[in-house]
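Analysis of the macromolecular model
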Amino acid sequence: EDGYRLWLRYDSITDAALLKHYRQNITAIHFDATSQVLNAAAAELLQGLQGLMGQEIVQTNAIQDGSVVAGTAQNKIISSIISTEETDKTGKEGFIIKTAMYKGRKIIVVTATRDVGVLYGCFALLRLLQTNQQINTLNITSVPKVKLRMLNHWDNLNRTVERGYAGMSIWNWHKLPGYIDQRYIDYARANASVGINGVVLNNVNANAVILSPAYLEKVAALAAVFRPYGIKVYLSARFSAPIEIGNLETADPLNAGVQAFWQQKADELYSYIPDFGGFLVKANSEGQPGPQNYNRSHADGANMLAAALKPHGGIVIWRAFVYNNNDDDRFKQAYNEFQPLDGKFSDNVLVQVKNGPVDFQPREPFHPLFGAMPATPLMMEFQLTQEYLGFSTHLVFLAPLFKECLDADTYAKGKGSQVAKIVDGSLEQHVLSGMAGVSNIGSDINWTGHPFAQANWYALGRLAWDYTLSASEIADEWLRQTFTNDNMFLKAVKPMMLDSREICVNYMTPLGLHHLMGYSHHYGPAPWYNKAERADWNPVYFHKADKNGVGFDRTPKGSNAIAQYNTVIAGKFGNLKSCDEQFMLWFHHVPWTHMMQSGNNLWEALCYRYYSGADSVAWMQRQWESVKNIVDEERFKQVKMLLGIQKEEAIWWRNACVLYFQTFSGMQIPAALERPGKILDYYKSLSFPYAPGIGGNQ
Ligand code: BDP
């Protein structure tokens, strides 16, 4: 069990009664049409069912008791059972799974309006077996809530991965297009199994060379692998490509030569990849070129690219992750630049916004742009790779983080205007909608480094499909498929997964602290750091600790960032009394002696949080130890070792932060808590020249 098979293991069902149930209900599969996508679906269904049921399943045209009949609504058998009106309700990608009688035979129908829906339905049927559900009376209709469900790879052409902690890039550019690694196919299967339908292959800090013919051939080879799985390829486009690979002297979006370059590039791209998805663009952010270099706006830049792609049906995903090195609060800058552009983007542009206003911290309030740009489809950007949550050595299940943001109410159109309703386009009736995760995938045999980090990839896909799923349901599904359906196992491991994010917040950045990590590599704590070339790359900029207290005053007395929220939210965050303590230091500079709900003062509460975080990792270790006999030896040992590292690093975070903040509070660590074994200078002296994942930026 090296983890390579992810959640698609298909090992035979061990429960005898259940096995009997499945063998009674499924005996054969029937696919009456062929297409690349249906062939992929049939192959998956055969492989999965045969593995799970431990017996041969025939693919036959004859209908018998237990036939799985899969196809679109055009299929004659299916249309005699399910009306096309009913199937039409599932849209372009949804599906129906239904138990039915056909000429006296009991069958299972898997249907959709298009082949890709059938593929998703087959994966859903397999999931039912993998999670040990009963299948004798099925009646499932499932429709994705979000249209573009994507992974963003931050992979460089030299195979390093910016903020990647699971080995090198899985794209072997050198061997492409001639050599198709089995990994590409298994990657596509895994994505399709959770409904991911788009992948950006390269880093947002992009190299223009990917747009040259030699690379387009390679990109086309990957697109061909992904096509049968309903996945489109997208590329990060470097805004200055006209200069770098087009021999032009400018990349000004209003320059006719530049426009012609992109139009010709789009024509060329579509000649290689007829279903190419479009461009993802990071512009005028962290040193990347962009339209502002020519005094043009983000809308000018995005619309110019959008015009080039439009005739081919492509889209532009323009990132809103921007901040300048100026005196204004970094929190506010994306809003300040983008909000005034609402309504100015072409209809094939989405603006991609990170979940929070700063940068993928363990906890952030939702980004104030959500709800503030009604005329623009806003795409969600989550980060799967754990840049700020312990790399791939800490077990941190991110579904609770994603849910917290998606469920947050923006009040944009009154109560009930959750971020999720902006992301799925329903609040403003947008045609386009999207959710992306910055990939945590690499060349490690188990794909994600930490065996449990696979769950974050899984969760992104499942939530993009249906954000009403709870974190607990997702953890349950993933654990059953990836490890075992054993109840003892689930009882011990699920709570540990579900609490893991809050535990990480507690030992890293409790009560609304943020951006305390080491400079550049982002590994470990460095709340003292103040030497970066930009003020807003320094932890001291964000926590503002002094003798009086700690936290960033974002009320009208301070930076007034809260004014970017709807007044209901601003009122809540802006008042220390009503501000949820978990966000407190995001919005207030709070005296050390401030009385918390617990009856402790802020300093004591901070200490208790840090200690409880580190202690909870010991609890996670005990939970894991308790399933030793239920888990395969290989993954048991891996997770055990990783929890050992996590424990040490949680203590490191705790000690470094508590000792540092103590220099301001001047108060003792509460007597009940163990003293840190080392002094602050020890933690300050640590250096990490070879920490993984460092990218082109800070
Ligand atoms: C930051 C990363 C940096 C990325 C940047 C981005 O540290 O490597 O390039 O985000 O999202 O979190 O563009």
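Residues numbered from 1 in each chain as written. Predicted model: local features only at pLDDT ≥ 70, side-chain atom pairs only at ≥ 80, totals over all residues. Heavy atoms only, no water.

Attention now moves to the overall build of the protein. Of the regular secondary structure elements, the protein holds 22 helices and 16 strands. Scaling as 2.2 N^0.38, a compact globule of 698 residues should have a C-alpha radius of gyration of about 26 Å, and the protein matches this with 26 Å. Its C-alpha atoms put the protein at 80 × 65 × 50 Å along the principal axes. Within the protein, buried positions represent 63% of all 698 residues. In the protein, the share of contacts with a sequence separation of at least 24, taken over all contacts with a separation of at least 6, comes to 73%. Total accessible area on the protein stands at roughly 24900 Å², and carbon and sulfur atoms take up 50% of it. Between the centroid of the 63 positive side chains of the protein and the centroid of its 65 negative side chains there is a distance of 3 Å. (Helix = DSSP H or I, 4+ residues; strand = E, 2+ residues; numbered from the N terminus. Rg over C-alpha atoms; globule rule 2.2 N^0.38 Å. Buried < 20%, exposed > 50% of the residue type's maximum accessible area, 1.4 Å probe, protein only. Contact = heavy atoms within 4.5 Å. Areas by Shrake-Rupley, 256 points an atom, 1.4 Å probe, with all protein chains shown as cover. Lys, Arg positive; Asp, Glu negative; His and termini not counted. Charge placed at Lys NZ, Arg CZ, Asp CG, Glu CD.)

Next up on the list: the site of the ligand. The ligand sits among 15 residues. The nearest are E162, K282, R319, D359 and E387. One of the side-chain N or O atoms of K282 is found 2.6 Å from an oxygen atom in the ligand. D359 is positioned with one of its side-chain polar atoms (N or O) 2.6 Å from an oxygen atom of the ligand. Contact with the protein chains hides 100% of the accessible area of the ligand, taken as 320 Å² for the molecule alone. (Near = heavy atom within 4 Å. Polar contact = N/O pair within 3.5 Å; in protein donor to acceptor, adjacent residues only side chain to side chain.)

So, about the domain arrangement of the protein. Bring the parts together and some accessible area is lost; that lost area is often taken as the interface size. Taken as a whole, the protein is organised into domain 1 (16-142), domain 2 (148-481) and domain 3 (505-552 + 589-685). Here domain 1 and domain 2 have C-alpha centroids that lie 33 Å from each other. Where domain 1 abuts domain 2, roughly 1400 Å² becomes buried across the two surfaces, and 51% of that area is made up of carbon and sulfur atoms. Here domain 1 and domain 2 share 2 salt bridges between them. When the shortest N-O distance is used, the salt bridge between R149 and E93 registers 3.0 Å. Remark: the boundary between domain 1 and domain 2 carries 6 residue pairs in polar contact (both at pLDDT 80 or more). Element by element, the count of residues in the side of domain 1 that touches domain 2 is highest for helix 5 (residues 115-130), at 6 residues. (Domains from an automatic or database assignment. Buried area = accessible area lost by both parts, 1.4 Å probe. Salt bridge = Lys/Arg side-chain N within 4 Å of Asp/Glu carboxyl O.)

Before going further, it helps to spend a moment on the environment of T385. For T385, the location among the structural elements is in the loop between strand 13 (378-383) and helix 12 (399-407). A C-alpha to C-alpha distance of 22 Å links T385 and N538, two positions 153 residues apart in sequence. With sequence-adjacent residues up to four places away left out, T385 is seen in contact with R163, G164, Y165, V438, S439 and N440. Within the structure, T385 has its side chain in polar contact with the backbone oxygen of R163 (distance 2.5 Å).

Tracing the backbone shows A266 in helix 9 (residues 256-272). Judged by its relative accessible area of 1%, A266 is buried. Sequence separation between A266 and A306 is 40 residues; the distance between their C-alpha atoms is 10.0 Å. When residues no more than four places from it in sequence are discounted, the contact partners of A266 are A308, L309 and H312.

The next point concerns the pattern of salt bridges. Here the structure, examined in full by the defined rule, presents 32 salt bridges. R319 is the salt-bridge partner of E381, the closest N and O atoms lying 2.6 Å from each other. On the criterion of sequence distance, the pair formed by E381 in strand 13 and R319 in strand 11 (residues 315-319) is long-range, its members being 62 residues apart. Taking the relative accessible area as the measure of exposure, E381 reaches 1% and is therefore buried.

With that settled, consider the pairing of strand 7 (residues 148-152). Among the 5 residues in strand 7, 5 count as buried, and that is most of the element. Of the two faces of strand 7, both are covered, the one formed by L148, M150 and N152 as well as the one formed by R149 and L151. Note: strand 7 against strand 8 (residues 198-200), 3 bridges, orientation parallel. Paired with N152 across the two strands is V200, which belongs to strand 8. Each parallel crossover has a hand, and for strand 7 linked through helix 6 (residues 182-193) to strand 8 it is right-handed. (Pairing = 2+ DSSP bridges. Right-handed = clockwise from strand over helix to strand, strands pointing away.)

The strand order across the open sheet formed by 6 strands is 2-1-3-5-4-6, and the pairing between neighbours is mixed. Each edge of the sheet is formed by a strand with only one pairing partner; in this case those strands are strand 2 (58-59) and strand 6 (139-142). Two strands pair when backbone bridges link them, and strand 1 (residues 28-31) and strand 2 are joined in this way by 2 bridges, in the parallel orientation. Counterpart to I29 in the pairing with strand 2 is Q59. Across the sheet, helix 2 (residues 36-53) lies against strand 1, strand 2 and strand 3 (67-72), angled at about 180° from strand 1, the strand it touches most. (Axes fitted to C-alpha atoms, helices over the stretch in contact; angles between N-to-C directions.)

To continue, consider the packing of aromatic side chains. Under the counting rule described, the total for this entry stands at 50 aromatic pairs. Both rings, one in Y187 and one in W457, keep their centres 6.2 Å apart while their planes meet at 35°; by these two values the pair is tilted. Separated by 270 residues along the polypeptide, Y187 in helix 6 and W457 in helix 14 (residues 454-465) bring together distant segments of the chain. Look at Y541 and F552: their rings are 5.8 Å apart centre to centre, the planes differ by 75°, and that puts the pair in the edge-to-face class. Of this pair, Y541 sits in helix 17 (residues 539-543) while F552 sits in the loop between strand 15 (549-550) and helix 18 (567-574), and the two are 11 residues apart along the sequence. (Phe/Tyr/Trp six-rings, centres within 6.5 Å; stacked < 30°, edge-to-face > 60°.)

The subject of this paragraph is a positive patch on the surface. On the surface, K92, R114, K147 and K232 cluster together to form a positively charged patch. Counting through the fold element by element, K92 comes out in the loop between helix 4 (84-88) and strand 4 (95-102). The class of K92 is exposed, set by a relative accessible area of 63%. (Patch = residues over 30% accessible without salt bridge, like charges linked within 9 Å, V, L, I, M, F, W, Y side chains within 5 Å.)

Moving on, we get to the sheet that holds strand 11. Strands sit in the order 7-8-9-10-11-12-13-14 around a closed barrel of 8 strands; the barrel is parallel. If you compare each strand with its neighbour and ignore which way they point, the axes differ by 25° on average. Relative to the sheet, helix 7 (residues 213-226) contacts strand 8 and strand 9 (232-236), its axis offset from that of strand 9 by approximately 145°.

For the rest of this paragraph, the subject is the side chain of N348. Along the chain, the position of N348 falls in the loop between helix 11 (330-338) and strand 12 (349-354). The class of N348 is buried, set by a relative accessible area of 6%. Within the structure, the side chain of N348 is placed 3.1 Å from the backbone oxygen of G314, a separation counted as a polar contact. With near-sequence residues (within four places) excluded, N348 lies in contact with A306, L309, K310, G314, I315, V316 and L432.

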